[in-house]
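# An overview of the molecular structure
Each chain, letter by letter, is given below.
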Amino acid sequence: MQPILTELLNLPGIEVENYTKVADRLILEVEAKTTKAKCPRCGEESNHLHQNRWYFARDLSISGQEVLLKVNRRQFKCKKCEKPFSEELEFIGKRRKQTNRFAEMIVQQVLHSDMHNVGKQNDLTDEEVWSMIKYISEKKLRIDLKPLKRLGIDEIALRKGQGDYIVVLVDLDRKIPIGFVRSRKQEEIRKELEGWGKEVLEQIIEVSMDLSGNYKGLINKLIPKAEVVADRFHVTKIVPEELKTARNDLQKANKENKNVNEKKKIEEALKQSKYALLKNEKDLTEKQKIKLEEIREVVPLLGKMHQQKEEFRRVFEDAKNWGDGASKLLDWMETAKETYKDSVGTICRWFGEVTNYFENRTTNGVVEGINNKLKLIKRSGYGFRNFDNFKLRSLICWHLDIGRA
Ligand SMILES: [Zn+2]
């Protein structure tokens, strides 16, 4: 017995029997202190040692020295069943090549770095690191849905410009993702939500979503009591989008302009006018302000639309409550029904959901922060070529039940 090494090793119930050193590695021979074990078949305790079985496992370093445990997982013979069985060891799983605490340390490093670097620094292959992530997740990944009241449904492009969207489900109060779905298919989202159980779904009071219409029917069916809120970010995007389209259409139409002088003037005014028109007016540079003045003079329609776009944004900024917001929005729709046909049409169709925002100001704003973190994960994603891996790697960021450094 090696009492000092046993003390240093600090694994409850485990004793260091012997040690050697091979090529800078400290090899500690360990076994459990108890002289008996419980039969997994009948639960009867046995102290009848059948045989010793040794194997090696990596453990935390001691004073900068890599530690390899030579573990004795003893086999006992059960008197009742008359069959041998292996003892359970709390600090290491069956057929694992690393102790649980070593695997936890690696997973924690992965949370703050990327898998490949962590592997390199610890002399492990990508596959070994990945296998530890899976192992620790099975033991410690817990998604707590009990506090869920406000749900956000949003989409994130995994690869830009490829239409490769995943759906992220967010607890808007706790500002954390609670689910990832591999596609926008209703069927997959339904499966995920139903997996949460009736009790969880019934306690949801608000669901925030975009204006695509992809989720509304499904949510009304699965969570009929929840208020659907059109996400402010998606709502306030539609007006600048329509302004941009109007500008592009005017630019195109002007190419056919027969009045040469006018054609030239409009061409000049619309040149590099995108940001002057689309940026919030208070954030314009001096140069952009001059540009905006020029547009107002030469293309009054765009000047008017610009002003209405600014008013539209202020409705969302200034609304004091539901009544105030709803009436301001109605006023705006009245003034903009000719210039912003598409936007007004969309808001009409979603009027209830859009104005629900003024009630609690619930938005999917937190998704942006989550998205930034996911982008980092994606970028450092050696070996994360499939969705399930990406999902697991992402979920451990927020839901792993181990101390976070
Ligand atoms: Zn037994």
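A word on the domain arrangement of the protein chain. Domains assigned within the protein chain are domain 1 (1–97), domain 2 (150–231 + 364–399) and domain 3 (233–360). Inter-centroid distance (C-alpha atoms) of domain 1 to domain 3 is 71 Å.

Looking now at the nonpolar core. Counting 47 residues, the largest nonpolar core has Leu151, Ile153, Val170, Val207, Ala230, Ile295 and Val354 as its most contacted members. With four residues, the single largest contributor to this core is helix α12 (residues 300–318). Filtering out sequence-adjacent residues up to four positions away, Ile295 remains in contact with Ala269, Ser273, Ala276, Leu277, Leu302 and Gly303. Residues Ile106, Val107, Val110 and Ile133 belong to the second largest nonpolar core, which totals 16 residues.

What follows is about the environment of Arg73. One can find Arg73 in the loop between β7 (65–72) and β8 (75–77). For Arg73, a count of 18 C-beta atoms within 10 Å puts it in the partly exposed group. Distance in space between the C-alpha atoms of Arg73 and Glu88 is 7.8 Å, their sequence separation being 15 residues.

Time to look at the packing of helix α8 (residues 232–254) against α12. In contact at an axis separation of 10 Å, α8 and α12 are set at 175° when each is read in the N-to-C sense. Judged by the inter-axis angle, α8 sits roughly antiparallel to α12. For the pair formed by α8 and α12, the contact residues are Arg232, Thr236, Val239, Pro240, Leu243, Ala246, Arg247 and Leu250 on the first element and Leu302, Met305, His306, Lys309, Phe312, Arg313 and Phe316 on the second. Its residues assigned to classes, the contact of α8 with α12 comprises nine nonpolar, two polar and four charged.

Pairing in this open sheet of four strands is mixed, and the strands run β1-β2-β7-β6 from one edge to the other. Among the strands making up the open sheet, the edge pair consists of β1 (14–22) and β6 (54–62). Going across the sheet, the axis of each strand differs from the next one's by a mean of 30°, ignoring polarity. Two strands pair when backbone bridges link them, and strand β2 (residues 25–32) and β7 are joined in this way by five bridges, in the parallel orientation. Across the sheet, residue Ile27 finds its bridge partner in β7, namely Leu68.

Right, let's talk about the sheet that holds strand β9 (residues 84–86) for a bit. Taken together, the three strands give an open sheet; going across it, the order is β5-β8-β9, and neighbouring strands pair in antiparallel fashion. Taken across any chain shown, the strands that pair with only one partner, and hence form the sheet edges, are β5 (49–51) and β9. On average, each strand axis in the sheet is tilted by 40° relative to the strand beside it, whichever way the strands run. Note that β5 and β8 share two bridges and pair antiparallel. Bridge assignment links Leu49 to a residue of β8, and that residue is Phe76.

Each value, and the rule that gives it
Counting of residues starts from 1 at the beginning of each chain's written sequence and follows it residue by residue. Side-chain atom pairs in this predicted model are given and counted only at pLDDT of 80 or more, local residue features only at pLDDT of at least 70, and totals for whole chains, interfaces and linings cover all residues. Note: domain ranges come from an automatic or database domain assignment. The term nonpolar core means buried Ala, Val, Leu, Ile, Met, Phe, Trp, Tyr and Cys residues held together as one set by C-beta atoms within 7 Å. Three classes are used. A residue is buried when 20 or more other C-beta atoms lie within 10 Å of its own, exposed when 12 or fewer do, and partly exposed in between, with C-beta atoms placed from the backbone. A helix here means a DSSP run of H or I that spans at least four residues, while a strand means a run of E at least two residues long, and both kinds are numbered starting from the N terminus. By the criterion used throughout, residues are in contact when their C-beta atoms, derived from the backbone, lie within 7 Å. Angles here are taken between N-to-C directions and fall from 0 to 180 degrees, while the axes themselves are lines fitted to C-alpha atoms, restricted in helices to the stretch in contact. Here the word oblique covers every angle except those under 35 degrees (roughly parallel), over 145 (roughly antiparallel) and from 65 to 115 (roughly perpendicular). Ten residues, namely Ala, Val, Leu, Ile, Met, Phe, Trp, Tyr, Cys and Pro, are considered nonpolar, four, namely Asp, Glu, Lys and Arg, are considered charged, and the remaining ones, Gly among them, are considered polar. In this description, strands pair whenever DSSP reports at least two bridges between them.

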